[in-house]
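Close look at the chain arrangement
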Amino acid sequence: MSRFFATGSDSESEESSSADEITPKAPGTTFKQSLLLSDDEEDTKRVVRSAKDKRFEELTNLIKTIRNAMKIRDMAKCLEEFEQLCRAFLKSKNIVDKEGVPPFYIRLLADLEDYLNQLWEDKEGKKKMNKNNAKALSTLRQKIRKYNRDYETEIAAYKENPQESADEEEEKEPGDSGSSSDSDDEGGDEGVTAKSFLKKKPEPTPEASKFLKTAKGSGDESSSSEDDDDEDWSSDSVHSGSESSDEGDEKTSSLAVVFLKKTLDTEKSEKRLGKKRKPKKKERLEEEAEEEGGEEVEGGWEKVKGGAPLVKEKPKMFAKGTEINIPVVVKKLNEILQARGKKGTDRAAQIELLHALAAIANENNLGQGIMVKIKFNIIASLYDYNPNLAAFMKPDMWKKCLDCIDELLDILFDNNNIFIGENIAEDSESLAISDQPFRVRGCILTLVERMDEEFTKIMQNTDPHSQEYVDNLKDEGRVCGIIDRLLDYLETKGSTEEICRIYLRRIMHTYYKFDYKAHRRSLGLQGETKSEQDQEESEGEDSAVIMDRLCKFIYAKDRTDRIRTCAILCHIYHHALHSRWYQARDLMLMSHLQDNIQHADPPVQILYNRTMVQLGICAFRQGMIKDAHNALLDIQSSGRAKELLGQGLLMRNMQERNAEQEKIEKRRQVPFHMHINLELLECVYLVSAMLLEIPYMAAHEFDARRRMISKQFHHQLRVGERQPLLGPPESMREHVVAASKAMKMGDWRTCHSFIINEKMNSKVWDLFPETQRVREMLVRKIQEESLRTYLFTYSSVYDSISMETLSEMFELEIATVHSIISKMIINEELMASLDQPTQTVVMHRTEPTSLQNMALQLAEKLGSLVENNERVFDLKQGVYGGYFNRDQKGGYQQNKGGYQRGGYRNQNQSNY
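The structure reproduced in this document is the subject of the present report. What you are looking at is a predicted structure, and each value in this text was computed from that prediction instead of being measured.

1. Things to note about the side chain of glutamine 716
Relative to the helices and strands, glutamine 716 resides in helix H33 (residues 711-722). The contact partners of glutamine 716, leaving out residues within four places of it in the chain, are Glu682, Leu686, Arg733 and Val737.

Now the structure itself:
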């Protein structure tokens, strides 16, 4: 007991003088106010607590702060408070050893670790964190994992049954609170203990009292306990007033004990009840609902649902006896649409109401005009179901959308007297059944274009390696079917601009697909198709004919540059995909798109990049190695082929691209089924570079000013040379580097074995439609370029060499060898002459030896060094070009055209 209450013996001389005073006064002015029981005394009560309570309260306060920081994702605060918690727990070691680790502490450790693991796995959330929070998250995660090793068994027990652990803690706390107070027996009967408080059942209360908040905010139970407390206080005060002065000391101390006991027990019981109510929230709500069920029917208090109130109630359908006609339905339709876009509007309920309205209109035979208008609004509501632009439609909504558009097209095809358009004003709509045709405001083309965009978003947001992607991709047939139906409809009733737009949609679903049936027909394999369905499909129109017809219409009729540009690029892509190299190349050159494509919008630029890549691959298949290299150079040299083709984003700093820009770029990505194989693309580029670069390097081995044809290819060569241990090649790049080294030595067979083998076939060459023809072309190119490399490298060794020998070495025809050598001699690449009678190549020793080449290089470097020294000397002398007129030799001389350096040839200014 506190020393303050031990001095109660001095109070014998004072007694209560009037009935208004409800407690005896303590002597002295210092403690006089502490024993006066006023209405607002609850805020300033003095409580006696044990060391255990103090330590545990400190821990619970820190835990509460940590949980608040977890809610707002403040990792820095979490880390700071966790370190304080560890220190406070260390101070409580003696109590913990005696009582055991408190369950609330174990619960926090388990929850915090789960929370941190969840944050750590959220990659998007980590990107949005600032630097301090990200660093604190990493540090705190390491600390909590290390700290939790000491409590693995307790945490495991808690995770197995979290509810039971929480209940055990709640049962343990009332017992502890009883032992922590100094006087259990005193006032046990008078006060309300926490244990009895917990077991006490709530009494039925009036309906109004359920909505009143008590001072402690602990519900009905706490209010009833306060009433009990007031009764105890009144009985105590009367009793103490009637006691004699001899018993004043004893009563004062007992009153103080009762005072402390009640306050402490009430506060603790309220806290425990608050804790206990949380896990049983659902049960309590169900009980209240059952109790109040009858009352609500009788017209009593109405139970209010939490959350933001609805802005507008759901509009009810027509009242009984209402005549259903077109004005009434239109009015109800506008009433439903008024809630569109408002806060709290249930979008799903709106769609259901529109469907119900359509059913009512159909039952009452109000005509197809009103049905078309309702269908337009249903489809628009389905598109508005996801307010976020980046979100994609859920599968059920997507199916509903496709069904509605099909139904709308059915109505339009069955009724030729329905005219729809964006230019029709709502006032001039004609929805009633009459001799006049129906006129409805709306644009079916816009709805189909939005449907196509939604399909693209669905494919972008689906995992491409899952079965779900395959299932979603099956819907493309239905999407193309809707586009074809609308195309047929607009060809008869649409404007030229609308026809161009729908033609482009059809082209965008066709240009990237390889026509296997047309390919088989061109190879004469049509008889292999067995089923009737395959034969019907094979007899259909080729994709090349469809593309040609659609694109030529757009070329002739389109007035917007964007649609025409996209159509040209798709046409070129389709030509290149089907190995029509010359048509694709001519169309690209005639269009002059490469001159101003940088001014186009990003999706068109992505399409241009895809077209150039496909053009390069087509040139490679046709054996046009130089054209293939030139077409692929810009994409591959940037090192950002993945990003430029719209097939993924590269990791960048947040300074270069913020979160909003990243979202925009993700929306531009091409769906996975339209991707171009990046490994195949890189392999084609590197092989093309090898076939061009290796002979050039052999021809200009000692040329100091030798330029690089492909920087990326040279980079791969340098990487291969830096490897300390050369094993057999594994990756595609290593195969190309190994083949390049073999070609450099003129060993075409080794080069051939590295480029064409089982591993490279499975990775690259088998992906081409005409695999065998591409392999044969590659072997031929390797033989020819190896021959050129051999002649460049070893020409200084030979006086003459027989063409027949070369033909046998490289397994080429003599005519081919003759052609290659003649071309090299004409281009002055090889200093030699052909002896026709003996079929030999006679070398002319005009090339300098390696020593002479080194001397020439040294002379060039010395010349450049001297020139640099002269410039430095002029600067030191204070002579700057063009500003001073110097008469001495080698100075600056004034001329009509300006100042020119003396000693150099005067050039005519008109040449510039």
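2. A short note on the sheet that holds strand S4 (residues 832-835)
Taken together, three strands build an open sheet; the order of strands is S3-S5-S4 and the sheet is antiparallel. Each of the sheet's edge strands pairs with one partner strand only, and the pair in question is strand S3 (800-802) and S4. The mean angle between the axes of side-by-side strands here comes to 20°, regardless of whether they run parallel or antiparallel. As paired elements, S3 and strand S5 (residues 840-843) share three bridges and run antiparallel to each other. Note on S5: the bridge partner recorded for serine 800 is valine 842. In the packing of helix H39 (residues 814-826) onto the sheet, the strands contacted are S4 and S5, and the crossing angle to S4 comes to about 140°.

3. Here's the deal with unusual backbone geometry
At histidine 592, a position not held by glycine, the phi torsion is positive, near 55°. For glutamine 839, which is not a glycine, the phi torsion comes out positive at approximately 55°. The residue glutamine 839 is located in the loop between S4 and S5 in this model. Since its relative accessible area comes to 29%, glutamine 839 is described here as partly exposed.

4. Regarding the pairing of strand S2 (residues 438-441)
Here S2 shows a buried face lined by Phe438 and Val440 and an unburied face lined by Arg439 and Arg441. Pairing of strand S1 (residues 418-421) with S2 involves four bridges; the strand directions are parallel. Counted as the bridge partner of isoleucine 418 is phenylalanine 438 from S2.

5. Things to note about the nonpolar core
Phe620, Val687, Met690, Ile755 and Trp765 are the most contacted members of the largest nonpolar core, which has 159 residues in total. If one sorts the elements of this core by residue count, helix H32 (residues 678-699) sits on top with 13 residues. Once residues within four sequence positions are removed from consideration, isoleucine 755 is found in contact with Val687, Met690, Val736, Ala739, Met760, Trp765, Leu778 and Ile782. Grouped together as the second largest cluster of nonpolar side chains are 36 residues, Phe82, Cys86, Tyr105 and Leu108 included.

6. Notes on the packing of aromatic side chains
According to the stated counting rule, one finds 18 aromatic pairs in the structure shown. A centroid spacing of 6.3 Å and a plane angle of 80° characterise the contact between phenylalanine 89 and tyrosine 151, whose relative ring orientation is edge-to-face. In this pair, phenylalanine 89 sits in helix H3 (residues 75-91) while tyrosine 151 sits in the loop between helix H7 (131-147) and helix H8 (152-160), placing the two residues 62 residues apart along the sequence. Given the relative accessible area of 12%, tyrosine 151 is considered buried. Through pairs of rings, three or more aromatic residues link up here, namely Phe82, Phe89, Tyr105, Tyr147 and Tyr151. Between arginine 141 and the ring centre of tryptophan 120, over which it is positioned, the NZ or CZ distance is 4.4 Å.

7. Here's the deal with the packing of helix H2 (residues 51-71) against helix H5 (residues 103-121)
The packing of two helices is summarised by the inter-axis angle and the distance between the axes. Between H2 and H5, the least distance of the axes is 11 Å, while the angle of their chain directions is 20°. It follows that H2 is roughly parallel to H5 by the angle criterion. Classified by chirality, the crossing of H5 by H2 is left-handed. Contact residues: H2 offers Phe56, Leu59, Thr60, Ile63, Ile66, Arg67 and Met70, while H5 offers Phe104, Tyr105, Arg107, Leu108, Asp111, Leu112 and Tyr115.

8. Topic: the packing of helix H29 (residues 625-637) against H32
The interhelical angle for the contact between H29 and H32, taken along N-to-C directions, is 125°, at an axis separation of 9 Å. If you check the angle between H29 and H32, you find them oblique. The interaxial crossing formed by H29 with H32 has left-handed handedness. Every residue of H32 that contacts H29 at Ile625, Lys626, Ala628, His629, Leu632, Leu633 and Gln636 is listed here: Leu681, Glu682, Val684, Tyr685, Ser688, Ala689, Leu691 and Leu692. Looking at the contact of H29 with H32 residue by residue, the classes come out as ten nonpolar, three polar and two charged.

9. Quick notes on helix H24 (residues 543-557)
Here H24 is 15 residues long and its end C-alpha atoms lie 21 Å apart, about the 21 Å a rise of 1.5 Å per residue gives. Here H24 has its buried residues at Ser543, Ile546, Met547, Leu550, Cys551 and Ile554. Here the buried residues of H24 occupy an arc of 110° about the axis, which is enough to place them on one side. Of the surrounding elements, those touching the buried residues of H24 are helix H21 (496-508) and helix H25 (561-577).

Definitions and cut-offs
Residue positions are given per chain, counted from 1 along the sequence in the order it is written. Side-chain atom pairs in this predicted model are given and counted only at pLDDT of 80 or more, local residue features only at pLDDT of at least 70, and totals for whole chains, interfaces and linings cover all residues. Processing note: side-chain calculations cover all non-hydrogen atoms of the structure and skip hydrogens and water entirely. Numbered from the N terminus, helices here are DSSP runs of H or I no shorter than four residues, and strands are runs of E no shorter than two. Whether two residues are in contact is decided by their heavy atoms, any of which lying within 4.5 Å being enough. In this description, strands pair whenever DSSP reports at least two bridges between them. A fitted line through C-alpha atoms serves as each axis, taken over the contacting stretch for helices, and the angle formed by two N-to-C directions is quoted from 0 to 180°. Burial here depends on accessible area, computed with a 1.4 Å probe over protein chains only, as a share of the maximum for the residue type. Under 20% is buried, over 50% is exposed, and the range in between is partly exposed. Buried Ala, Val, Leu, Ile, Met, Phe, Trp, Tyr and Cys residues form a nonpolar core when they are joined through side-chain atoms within 4.5 Å. When the centres of two rings from Phe, Tyr and Trp lie within 6.5 Å, Trp using its six-membered ring, the rings pair. Their planes under 30 degrees apart give stacked, over 60 give edge-to-face, and anything left gives tilted. Charges are assigned to positions over rings by a cutoff of 6 Å between ring centre and Lys NZ or Arg CZ, combined with an angular limit of 35 degrees from the ring normal. An angle below 35 degrees is read as roughly parallel, one above 145 as roughly antiparallel, one from 65 to 115 as roughly perpendicular, and any other as oblique. Less than a right angle of anticlockwise turn of the near helix away from the far helix marks a crossing as left-handed, whereas a clockwise turn marks it as right-handed. Residues are grouped as follows: Ala, Val, Leu, Ile, Met, Phe, Trp, Tyr, Cys and Pro are nonpolar; Asp, Glu, Lys and Arg are charged; all remaining types, including Gly, are polar. Working rule for helices: expected span equals 1.5 Å times residues minus one. The arc in question is the one traced by the directions running from the helix axis out to the C-beta atoms.

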